[in-house]
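# Breakdown of the fold
Residues per chain are reported as follows:
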Amino acid sequence: MSELTTAQTHKVTDLDLHATGPGTLAGRYMRMFWHPICLSTEVEAGRSRREQIMSEFVTIYRGESGQLHAVADRCPHRGVQLSIGWVQGEEIRCFYHGWKFNGQGQCTEMPAETPGYAARMKIKHYPVKEYLGFVFIYLGEGEPPELPCYPELEDEKAGVLESLARFPVPCNYFQRLENNIDQVHVNFAHGDVFGDQGVGEIPEYIIEPTDFGLRAIGRRSTGDRVTYYHMPNIGVIAVPPVGDEVDWAILVVWRVPVDDYSNRSFNVRRARKKPGAPIKPVVDRSAEQVAVSLDILAGRRKLEEISQNDRELLVPVQDNLALIGQGAIADRGEAENLGRSDAGIIALRRLWRTELQKLVDGEAVKQWPWPKTGMKVTSGAKGSD
Ligand code: FES
Ligand SMILES: [Fe+2]
C-alpha cells in the first residue's frame, strides 16, 4: 500500500514572475493593486472602448453623466463584445440582441426574454478612478486599496503635466520592470545618447530596500543617478530634458501587462518648459518605435540610421531592441547568468518572490506606501529610463 503524502507547498521561483492571467500567482498579486488602463480623454461621455489588461478584456464606458464604469467585455448571452454596444444613460446595451447592463454589471433588460431572467444575470464589474490623466482600474477581489498618489506630480507650479498611454510592446512586462532598475545598460544601450551627460563611466551600484520598494543608485564620479522603484510595477525617475524642456523632469511610469507576451507603459511626466514655449499636444510615437525596433531586430534596418537628434525615437528603440530581443518572455531559468551589476534585478525578483510566497502560504502581503521623496522637477536627481 502506498504511503500517504502531504501536499507540497509550491516554492516560488523566478519562473513564477511573468504570468499574470486570471488565477496565476503573479496575476493574483498584480490584481491586488490599481493599474492605469487608458487615458481619461480616450473615453468620452456616452462612449465605450475595449481594453486588455493581464489577459482579461474589459469594457470601459462613460455614462452620459460623465461617470466612468468598467464591466467584463463579453456579453453573457452569446459572447459578443459589450464594448461595441450602445451607452444609454449610465448603462450599456449589447449590440447583438440588446441585453442591457448597469455599471454594477447587473443586467437590467433582456428585450426578447421572459420577465425575471434579467434580474438573475450579472457580469463582473470593476472599480475605476481617474488620476493624472489616466483611468485606473482595480481587478482584484474585495475592497480596493487606496489609489497611490504622487505629490511630486501634483505640484502645478512645477511645470506641465503630460500623460501618455503607450502602444503595446511585444514582450513580457517583467522585462520592462527589470530594465527600469538596470543602470549599466545606460552605458551601452544608450551610451551614444547619454554619454555627454556623464554616464560614460561604469557606476558603482547601490541598492537600498525601502518601505515603497527599492532605491537604486548608480554612483559615478559625476554624481549619483537615482531610480525609485515603487512596488509592484512603477518606476519613479528623474529624466534629462528633451525638446523644449529645461532641466530634469520627473517621470512616473507603470508597466502594465496586456497579456503575457505584451505590455503597455503608462507614462506621466511633470516638466518645466522654456519660457514662452508653445504647449504642444503630446504625440505617442510608440507604434513607430516598436515598428522600427522590429525592423532592426529582423535585419531590415540599422540602428545607426536613426538620427541622434531624434531622441524620442532613438532611446525607446534602444530599450526595445534589448527587451524584445530577449524574447517575448525572457528565460529566467538556466539560460541566464547574473553578475554583480544585476544587483537591482536580483533585489527586485527577491521582493516579488517574497510577496508571491506569502500568497502561496496564505499570509498577508506587504503594503507599499509611496513617501514624499522630495524629488523636484529641477532637483537634478539624475535617473535614467
Ligand atoms: S450576445 Fe449580447 S445580447 Fe445576445
Ligand atoms: Fe533604457
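Every chain is numbered independently, its residues counted from 1 as its sequence is written. As a convention, the first chain written is A and the first ligand written is 1, with the rest following in written order. Local features are withheld for residues below a pLDDT of 70 in this predicted model, meaning they are given only at 70 or higher, and side-chain atom pairs are given and counted only at 80 or more; totals for whole chains, interfaces and linings count all residues. The side-chain numbers reported here are obtained from all heavy atoms of the structure, hydrogens and water having been left aside.

## So, the packing of aromatic side chains
The line we're drawing: Stacked, tilted and edge-to-face are the three classes assigned to paired rings of Phe, Tyr and Trp, where Trp is represented by its six-membered ring and a pair needs centres within 6.5 Å; plane angles under 30 degrees give stacked, over 60 edge-to-face, the rest tilted. Only protein chains enter the accessibility calculation, which uses a 1.4 Å probe; a residue whose area is less than 20% of its type maximum is buried, one above 50% is exposed, and one in between is partly exposed. Sitting over a ring, as applied to charges here, requires NZ of Lys or CZ of Arg to be within 6 Å of the ring centre and within 35 degrees of the ring normal.
Throughout the structure, instances matching the rule amount to 18 aromatic pairs. A centroid spacing of 5.1 Å and a plane angle of 75° characterise the contact between Tyr29 and Phe33, whose relative ring orientation is edge-to-face. This pair shows no difference in class: Tyr29 is buried, exactly as Phe33 is. The aromatic ring of Phe57 is capped on one face by Arg50, whose charged end is 3.7 Å from the ring centroid.

## Quick look at helix H3 (residues 173-180)
Along an α-helix, a turn takes 3.6 residues, which lines up residues three or four apart on a common side. Rule in force here: The helix count covers DSSP runs of H or I at least four residues long, the strand count covers runs of E at least two residues long, and both are numbered beginning at the N terminus. The term polar contact refers here to a pair of N or O atoms within 3.5 Å; inside protein, the definition further demands a hydrogen-donor-capable atom paired with an acceptor-capable atom, and it admits residues adjacent in sequence only when both atoms are side-chain atoms.
Among the eight residues in H3, eight count as buried, and that is most of the element. Of the positions making up H3, those classed as buried are Tyr173, Phe174, Gln175, Arg176, Leu177, Glu178, Asn179 and Asn180. Sitting at the amino-terminal end of H3 is Asn172, which places a side-chain oxygen 3.1 Å from the backbone nitrogen of Phe174.

## Side note on the pattern of salt bridges
Here is the rule: One speaks of a salt bridge when a side-chain nitrogen belonging to Lys or Arg is within 4 Å of a carboxyl oxygen belonging to Asp or Glu.
Evaluation of the coordinates by the stated rule reveals 24 salt bridges. Between Glu208 and Arg215 there is a salt bridge, with the nearest N and O atoms lying 2.7 Å from each other. Using a relative accessible area of 28% as the deciding quantity, one classes Glu208 as partly exposed. Judged by its relative accessible area of 26%, Arg215 falls in the partly exposed class. The partner of Arg301 in a salt bridge is Glu305, with the nearest N and O atoms 3.4 Å apart.

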